[in-house]
Amino acid sequence: MEVVTYTNVETFVQHLPEVTAVGVWIKALIILAVISAIAGFGTFIERKVLAFMQRRLGPMHVGPYGLLQLIADGIKLFTKEDIVPQNANRLIFMVAPIITAATAFIALAAVPVFPDFTIPQWVPVLGGTFVPSIAADLNIGILFVLGMMAAGLYGPLLAGMAQANKWGIIGAARTAVQFLSYEVVTGLSILAPIMLVGSLSFVDFNNYQQGGIADWIIWKQPVAFILFLIAGFAETNRTPFDLLEHEAEVVSGYATEYSGMRWGMFFIGEYANMITISIIAAVVFLGGYSEEGIGWLTIILKVGFFFFLMLWIRAAWPHVRPDQLMWLCWKVLMPIAVINVVVTGIVMMV
Amino acid sequence: MYETIAFYLFSALTIVLFLITVMSKNVLYAMTALASGMVLISGFFFILGADFLGVVQLIVYVGAVMALYSFAMMFFDATRDIKEKNTPASLVFLLGGLSALVLVLMFAAPIHSEAVQALYPIHEGVGNAQDVGIVLFTKYLVPFEVAAVMLLVAMIAGIILAGKKMDQSLTSDMDVDAEDEILTQKDAK
């Protein structure tokens with residue numbers, strides 16, 4: 001690898017080894033494999049954490065501490081009959097779960113996951129390939145991720161509308177309501193940090209906060225951080241806002257008629273989205289990763305913290321009603337977000 | 001090479017999807033085809049290197065079609081086909097003729113291609129978003145502001161249309177008089 005001396009910022013990119021198509025393919029496979037595994041493991045952690053907070057034991061019987069419960073669940077999901085109900089719109093019913101899972105992983109393409117590394121030379125065929133930390137390093141990474149996650153809500157919407165079931169229709173209607181409510185808050189809350197950094201690239205956000213904890217954007221934009229977290233919970237339909245499949249009200253909402261692997265795909269998508277939101281929150285507000293030393297460990301800790309926070313809040317808070325969600329998003333959060341953007345603008349100009 | 005393949009793939013898919021949108025009698029197929037067609041159009045922007053516009057296309061139309069879905073959900077049974085009214089032949093003739101004319105113009109346009117040039121080429125080293133912003137706030141400032149005013153007007157109109165009886169809750173603590181009043185209002189319509 002030749003060392004390129006760079007004179008200005010534009011040529012900085014060339015300093016890194018060249019990103020080849022093979023590298024991106026390897027990266028995509030790694031993301032797919034590792035995130036699906038983490039998503040599966042996430043269900044186990046969720047049960048354990050909830051059990052701990054509710055003074056139960058959680059899964060204990062299969063394997064040590066119930067660890068093999070994961071495999072048991074996997075076998076069950078894969079071998080269950082794939083039922084398509086009568087009168088349902090067959091094609092749309094079968095496509096809907098794929099939309100959720102696929103968009104969740106497409107969103108992860110533009111997010112920095114795991115450090116970059118070069119495959120050692122002694123590996124046959126692939127030796128020396130550089131694997132980047134972001135599969136597709138777009139200039140507008142944040143917008144792309146948010147847009148893709150928004151497109152992911154078509155999964156629940158179509159699933160609910162296609163299944164010829166009243167609970168499903170209510171779930172789909174709630175999907176539309178929830179989407180139209182939180183989307184504005186997500187965009188406006190993250191706009192203020194974007195104004196500070198002056199870029200939509202995750203790499204720029206990371207570099208902006210390299211000066212240590214004092215440089216983190218959360219200290220400059222605490223309001224935006226809280227708004228983004230609230231909207232992120234709505235985006236991943238985590239508990240205070242999981243209206244789409246609220247068991248006590250709408251049986252299982254959009255997922256009522258699903259079984260087996262198609263049902264499982266919704267949940268792989270949901271957990272992948274939780275990881276994506278955690279990574280965005282960690283990179284945009286909490287300093288992200290740093291290249292040297294144990295920097296990559298810190299971002300894993302941050303992401304782990306946000307994941308835990310989602311479970312914690314699920315154990316601590318009850319659900320809200322759809323009308324409460326709309327009230328919260330449109331009458332409380334959106335005005336605060338707009339004021340935050342205006343104040344940020346004034347402070348930056350003065 | 002990849003760009004050509006991607007372009008033809010996206011073009012074929014977009015045309016097929018929008019054909020389904022127009023032809024299908026099932027509201028669910030029509031809406032889904034519309035949404036996926038809109039998503040695929042953003043692919044063209046990505047091929048052209050206009051990442052920002054591509055993502056904006058994605059975000060805006062995903063939200064807009066989602067709102068359309070909610071209306072479809074209220075008006076139609078999504079699992080059944082819709083009986084369409086037969087449109088008058090003269091209207092079909094007029095609209096078909098107009099679309100044919102537009103198509104001919106579109107395909108004939110490249111004849112005059114030397115007159116087409118980028119007035120605001122992208123700058124090297126400056127992001128897409130900045131370029132769009134500069135053009136939007138200098139050359140196209142007036143259309144931009146007019147669009148903003150239009151959206152404001154639409155929003156106020158929406159609030160006024162939906163805002164009658166907004167201070168009363170439809171579910172809780174509704175006294176009988178208010179209920180009667182709402183019913184008589186509905187009858188009057």
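Let me begin by describing the structure that accompanies this report. Everything numeric here is computed off the predicted structure, so don't read it as measured data. (Residues numbered from 1 in each chain as written. Chains lettered and ligands numbered in written order. Predicted model: local features only at pLDDT ≥ 70, side-chain atom pairs only at ≥ 80, totals over all residues. Heavy atoms only, no water.)

Turning next to the overall build of chain A. For chain A, the helix and strand inventory stands at 13 helices and two strands. Relative to its full complement of 350 residues, chain A shows a buried share of 50%. When contacts within chain A are restricted to residue pairs at least 6 apart in sequence, long-range pairs at least 24 apart make up 75% of them. Total accessible area computed for chain A in this model is approximately 16500 Å², and 71% of it derives from carbon and sulfur atoms. (Helix = DSSP H or I, 4+ residues; strand = E, 2+ residues; numbered from the N terminus. Buried < 20%, exposed > 50% of the residue type's maximum accessible area, 1.4 Å probe, protein only. Contact = heavy atoms within 4.5 Å. Areas by Shrake-Rupley, 256 points an atom, 1.4 Å probe, with all protein chains shown as cover.)

Let us now look at the packing of aromatic side chains. Enumeration according to the criterion identifies 18 aromatic pairs over all chains in this entry. Ring geometry for Tyr 271 of chain A and Phe 307 of chain A: centres 6.3 Å apart, planes at 40 degrees, overall tilted. One end of the pair, Tyr 271 of chain A, is in helix α11 (residues 260–285); the other, Phe 307 of chain A, is in helix α12 (residues 295–316), with 36 residues separating them in the sequence. Ring geometry for Phe 10 of chain B against Phe 44 of chain B: centres 6.0 Å apart, planes inclined by 70 degrees, an arrangement best described as edge-to-face. You can see Phe 10 of chain B sitting in helix α1 (residues 2–23) and its partner Phe 44 of chain B sitting in helix α2 (residues 27–47), a full 34 residues away along the chain. Through a chain of ring-to-ring contacts, the aromatic side chains of Phe 225, Phe 228, Phe 285, Phe 305 and Phe 306 of chain A assemble into a single cluster. (Phe/Tyr/Trp six-rings, centres within 6.5 Å; stacked < 30°, edge-to-face > 60°.)

A few words on the packing of helix α6 (residues 166–197) of chain A against helix α13 (residues 322–349) of chain A. Think of two packed helices as two axes; the pair is described by the angle between the axes and how far apart they sit. All names here are of chain A. Between α6 and α13, whose axes approach to 9 Å, the crossing angle comes to 15 degrees. Relative to α13, α6 is oriented roughly parallel. Viewed along their axes, α6 and α13 form a crossing whose handedness is left-handed. (Axes fitted to C-alpha atoms, helices over the stretch in contact; angles between N-to-C directions. Parallel < 35°, antiparallel > 145°, perpendicular 65-115°, else oblique. Left-handed = near helix turned anticlockwise from the far one by under 90°.)

This part is about the nonpolar core. Within the largest apolar cluster, 108 residues are counted, with the highest numbers of intra-cluster contacts made by Tyr 154 and Leu 157 of chain A together with Tyr 69 of chain B. Considering every element that reaches this core, the biggest residue donor is α11 of chain A, with 14 residues. Aside from chain neighbours lying at most four places away, what touches Leu 157 of chain A is Ala 172, Thr 175 and Ala 176 of chain A together with Met 66, Tyr 69 and Met 73 of chain B. (Core = buried A, V, L, I, M, F, W, Y, C linked by side-chain atoms within 4.5 Å.)

The subject of this paragraph is the pattern of salt bridges. All names here are of chain A. One pass over the full model with this rule turns up six salt bridges over all chains. Residue Glu 270 is joined to Arg 238 by a salt bridge in which the shortest nitrogen-to-oxygen separation is 3.2 Å. Taken as a pair, Glu 270 in helix α11 and Arg 238 in the loop between α9 (222–235) and α10 (247–250) lie far apart in primary sequence, 32 residues in all. Residues Glu 270 and Arg 238 agree in their burial class; the two are buried. Here Asp 323 and Arg 321 are joined by a salt bridge, their closest N and O atoms 3.0 Å apart. Residues joined by salt bridges that share partners form a network here, namely Glu 46, Arg 238, Glu 270 and Arg 314. (Salt bridge = Lys/Arg side-chain N within 4 Å of Asp/Glu carboxyl O.)

Next up on the list: the environment of Val 49 of chain A. Residues and elements named next belong to chain A. For Val 49, the location among the structural elements is in helix α1 (residues 21–53). With 263 residues separating them in the primary sequence, Val 49 and Trp 312 have C-alpha atoms 7.6 Å apart. Those residues within four positions of Val 49 in sequence are excluded, and the remaining contacts are Phe 308 and Leu 311.

Our next topic: the interface of chain A and chain B. Listed by partner, the interface residues are 30 residues for chain A and 25 residues for chain B. Here chain A and chain B share an interface that buries about 2300 Å² over both sides, 81% of which is from carbon and sulfur atoms. Scanning the region where chain A abuts chain B turns up zero salt bridges. Scanning the region where chain A abuts chain B turns up three residue pairs in polar contact (both at pLDDT 80 or more). Of all the secondary-structure elements, those providing two or more residues to the side of chain A that touches chain B are α3 (90–108), α4 (141–152), α5 (154–162) and α6 of chain A. Ranked by residue count, the leading element in the side of chain A that touches chain B is α6 of chain A, at seven residues. A breakdown of the residues in the side of chain A that touches chain B according to their chemical character gives 23 nonpolar, five polar and two charged. (Buried area = accessible area lost by both parts, 1.4 Å probe. Polar contact = N/O pair within 3.5 Å; in protein donor to acceptor, adjacent residues only side chain to side chain. Nonpolar A, V, L, I, M, F, W, Y, C, P; charged D, E, K, R; others polar.)

Before going further, it helps to examine the environment of Leu 196 of chain A. Inspection of the secondary structure puts Leu 196 of chain A in helix α6. Sequence separation between Leu 196 of chain A and Ile 217 of chain A is 21 residues, and the spatial gap between their C-alpha atoms is 8.7 Å.

Residue and element names in this part refer to chain A. For Arg 55, which is not glycine, the phi dihedral falls at a positive 55 degrees. As for its placement among the helices and strands, Arg 55 is situated in the loop between α1 and α2 (69–79). Notably, Ala 164 is not glycine yet its phi reads approximately 55 degrees, a positive angle.

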